[in-house]
Amino acid sequence: MTLLLSVFEQGLIYAIMALGMYITYKILDFPDMTVDGSFPLGAALSAVLISNGVNPYLTLLLSFGAGLIAGAITGFIHVKLKVRDILASIIMMTALYSVNLRIAGRANLPIYNFDNIYSNSATNKIFTGALAPFENVIVIAIIVIIVKLVLDWYLKTKSGYLLKAVGDNETIVTSMGIDKGKVKILGLSIANGMVALSGSMFAQQQRFFDASMGVGTAVIGLASVIIGTALFGQISVFTFSISVILGSILYKGCVAAAIRLGLQSTDLKLVTAVLFLLILVISMRIEKHQGKKRIAS
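Residues numbered from 1 in each chain as written. Predicted model: local features only at pLDDT ≥ 70, side-chain atom pairs only at ≥ 80, totals over all residues. Heavy atoms only, no water.

(A) Structural context of the layout of surface pockets. Each pocket or cavity is described by its volume, and for the largest pocket that value is around 570 Å³. Taken together, the elements giving at least two residues each to the lining of the largest pocket come down to helix H1 (2–27), helix H9 (180–206), strand E2 (208–210), helix H10 (217–231), helix H11 (240–260) and helix H12 (268–296). Within the lining of the largest pocket, the residues separate by chemical class into 13 nonpolar, eight polar and three charged. Looking at the second largest pocket, its volume works out to about 460 Å³. (1 Å grid on protein atoms, 1.4 Å probe; cavity = no way out; pocket = protein on both sides within 12 Å on 5 of 7 lines; lining within 4 Å. Points joined across faces, edges and corners; volume = space filled by probe spheres on them. Helix = DSSP H or I, 4+ residues; strand = E, 2+ residues; numbered from the N terminus. Nonpolar A, V, L, I, M, F, W, Y, C, P; charged D, E, K, R; others polar.)

(B) Representation of the packing of helix H2 (residues 35–51) against helix H4 (residues 85–104). Across the interface, H2 lies against H4 with an axial gap of 9 Å and an inter-helix angle of 10 degrees. Our classification of the angle between H2 and H4 gives roughly parallel. Contact residues: Asp36, Gly37, Ser38, Pro40, Leu41, Ala44, Leu45 and Val48 in H2; Met93, Leu96, Val99, Asn100, Ile103 and Ala104 in H4. (Axes fitted to C-alpha atoms, helices over the stretch in contact; angles between N-to-C directions. Parallel < 35°, antiparallel > 145°, perpendicular 65-115°, else oblique. Contact = heavy atoms within 4.5 Å.)

(C) Geometry of the packing of aromatic side chains. Counted according to the given criterion, the structure contains four aromatic pairs. Where Tyr14 meets Phe39, the ring centres are 5.4 Å apart and the plane angle is 10 degrees; that geometry is what we call stacked. Here the residue Tyr14 occupies a position in helix H1, and Phe39 occupies one in helix H2, the gap between them amounting to 25 residues. The pair Tyr14 / Phe39 is uniform in exposure class, with both members buried. Relative to Phe202, the ring of Tyr14 has its centre 5.5 Å away and its plane inclined at 55 degrees; by these criteria the two rings are tilted. Of this pair, Tyr14 sits in helix H1 while Phe202 sits in helix H9, and the two are 188 residues apart along the sequence. Phe202 matches Tyr14 in its accessibility class, with the two residues each being buried. Every member of this aromatic cluster is reached through a ring pair, and the members are Tyr14, Phe39 and Phe202. (Phe/Tyr/Trp six-rings, centres within 6.5 Å; stacked < 30°, edge-to-face > 60°. Buried < 20%, exposed > 50% of the residue type's maximum accessible area, 1.4 Å probe, protein only.)

(D) Spotlight on H11. End to end, H11 covers 30 Å across 21 residues, agreeing with the expected 30 Å (1.5 Å per residue, within 8%). Among the residues of H11, Ser241, Ser243, Val244, Ile245, Gly247, Ser248, Ile249, Tyr251, Lys252, Val255, Ala256 and Ala258 are the ones counted as buried. Backbone geometry just after H11 places Gly262 at a positive phi near 125 degrees. (Expected span 1.5 Å × (residues − 1).)

(E) Structural view of the nonpolar core. Formed by 73 residues in total, the largest nonpolar core has its most connected members in Ile23, Met201 and Phe209. Of all the secondary structure elements, the ones that give two or more residues to this core are H1, H2, helix H6 (135–154), helix H7 (158–168), H9, H10, H11 and H12. Among the elements that line this core, the one with the most residues is H1, at 14 residues. Phe209 has contacts with Pro40, Ala43, Ala44, Ala47, Asn100, Ala104, Arg106, Ala107, Asn108 and Leu109, leaving out every residue within four places of it along the chain. With seven residues, the next largest nonpolar core counts Leu41, Leu49, Ala66 and Met92 among its residues. (Core = buried A, V, L, I, M, F, W, Y, C linked by side-chain atoms within 4.5 Å.)

(F) Just unusual backbone geometry, in detail. Phi angles above zero are rare outside glycine, and Lys82 is one such case at about 60 degrees. Among the secondary structure elements, Lys82 is positioned in the loop between helix H3 (56–79) and H4. Positive phi, normally seen in glycine, also occurs at Arg207, with a value near 65 degrees. According to the relative accessible area criterion, Arg207 is partly exposed, its value standing at 24%.

(G) Region of interest: the pattern of salt bridges. Applying the stated criterion across every chain yields a total of three salt bridges. In this structure, Lys148 and Asp152 form a salt bridge, with 2.3 Å as the shortest nitrogen-oxygen distance. You can see Lys148 and its partner Asp152 sitting in helix H6, four residues apart, about one turn around the helix. Between Glu170 and Lys180 there is a salt bridge, with its nearest N and O atoms 3.0 Å apart. With a gap of 10 residues between them, Glu170 in helix H8 (residues 170–175) and Lys180 in helix H9 connect regions that are remote in the sequence. The partly exposed category is assigned to Lys180, whose relative accessible area is 33%. Salt bridges sharing common partners tie together Glu170, Lys180 and Lys184. (Salt bridge = Lys/Arg side-chain N within 4 Å of Asp/Glu carboxyl O.)

This is the structure:
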């Protein structure tokens, strides 16, 4: 039961990050490595604020805001300074490593003795008895549902449609007299805001910040998006957001199963890389097969 709860907790936390990656990877077709820096950015900011007595729920919003700024800077470097997308994001990711250390003041900052969004006077009164073991997963699920609903709503607004249009065909957006660069910056900003929010939730769940906790974030996010869209994207009752959330949980389940089978925790990044490779290969096979079916029909 403990392992299953852990899979759902981390799967749902990373699902918010994966939804942000969906915006950059699927909608904007932008290879954004900024996430490896914006994820621990949210974690560092939350850890510092909580250790200084700030309300843990407020730190979620502040972390989201910090992510917005990080994403906007990546967009500015790419759009205004004409730096290639992948290079712009790598530059920002590298800069954020130092920024995160500056914020936290050290490479590791524990917050074990402070209230967080999962354990505080309010939640401890609500989740008692049989509900106590499910306290974390319920709180996480509520936040994920809110984020999912807001994102689904936003993508149906004029701004959301423009975001999708930039990813599909930039020429159409330009012909409408709209600055495609500003739309890209907005998309990158929202995506990294969600990633930083996820980092904030992760730090509070783990009860510490570590400077290296962002390593491999992009791989995890992409793997979750690819699993979700490949396995669940063709099911009509599932929206893209539900598919990505399920993909994130399934991915974390696969990693947990690999560790459970005897692999060392030090092999986690290796497991992540191998799983990502397998997912990519399988996804390409599925797309190739679906393409042949469309041609045949």
